[in-house]
Amino acid sequence: MKKQLVWLVVIAVACCTASDLNFETVSKDEQSLTSFIGCLLDNGPCSADEAEFRSRLPEVVASICSKCDDTQKQFFVKTSKLVRQKHPEDWDKLVNKYDPEKKYETKLLKVIDEA
């Protein structure tokens, strides 16, 4: 039973998280968005929630957010759209960091654009 509980915890932690992050917080002003991008690019400080999201981002990208719940997926999609629109150069840096071989970019863009 303990082993099953440990695996449940591991699976829950491995899932993409944005539980305490929300789009309104990240997008409320340019400084918040820039700070969030800086965190994701390892160019600035991160809140605990941002650091948690950043640590899960490789899995989110690789799974095309398939393990995300609806709230997490909305956060990922809305934030991605905002960064692509307002900071295309940072979007390119994020893609290069989290998908350097461009394995997932086409699928990610499809999910983002269709949402």
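Criteria and cut-off values
Residues numbered from 1 in each chain as written. Predicted model: local features only at pLDDT ≥ 70, side-chain atom pairs only at ≥ 80, totals over all residues. Heavy atoms only, no water. Helix = DSSP H or I, 4+ residues; strand = E, 2+ residues; numbered from the N terminus. Polar contact = N/O pair within 3.5 Å; in protein donor to acceptor, adjacent residues only side chain to side chain. Contact = heavy atoms within 4.5 Å. Expected span 1.5 Å × (residues − 1). Bend = angle between axes of the 7 residues up to and from the residue. Buried < 20%, exposed > 50% of the residue type's maximum accessible area, 1.4 Å probe, protein only. Core = buried A, V, L, I, M, F, W, Y, C linked by side-chain atoms within 4.5 Å.

Can you walk me through the side chain of Asp99 in this structure?
Relative to the helices and strands, Asp99 is located in the loop between α6 (88-98) and α7 (105-114). A polar side-chain atom of Asp99 sits 2.8 Å from the main-chain amide nitrogen of Glu105. Not counting the four nearest positions on each side in its chain, Asp99 is found in contact with Val61, Leu94, Tyr104 and Glu105.

Which parts of the structure should I look at to understand helix α4 (residues 48-62)?
An α-helical turn contains 3.6 residues, so a residue and the one three or four places further along point in the same direction. A rise of 1.5 Å per residue sets the reference length of α4, with its 15 residues, at 21 Å; its end C-alpha atoms lie 22 Å apart and thus fit the reference within 8%. The sharpest bend along α4 comes to roughly 45 degrees, located at Arg56, with the proline Pro58 sitting one to four residues further on. Every buried residue of α4 is listed here: Glu50, Phe53, Arg56, Leu57, Val60 and Val61. Ile64, located one to two residues past α4, shows a positive phi value of around 55 degrees.

Just checking my understanding: could you explain the nonpolar core for this structure?
Burial of nonpolar side chains together is a common tendency in soluble globular proteins. Among the nonpolar cores identified, the biggest contains 25 residues, and Phe36, Leu40, Phe53, Leu57 and Phe76 are the most heavily contacted of them. Secondary structure elements with two or more residues in this core: α3 (30-40), α4, α5 (70-86), α6 and α7. In terms of residues, this core owes the most to one element, α5, which gives five residues. When sequence neighbours within four positions are dropped, the list of residues in contact with Phe76 reads Phe53, Leu57, Val60, Cys65, Leu108 and Ile112.

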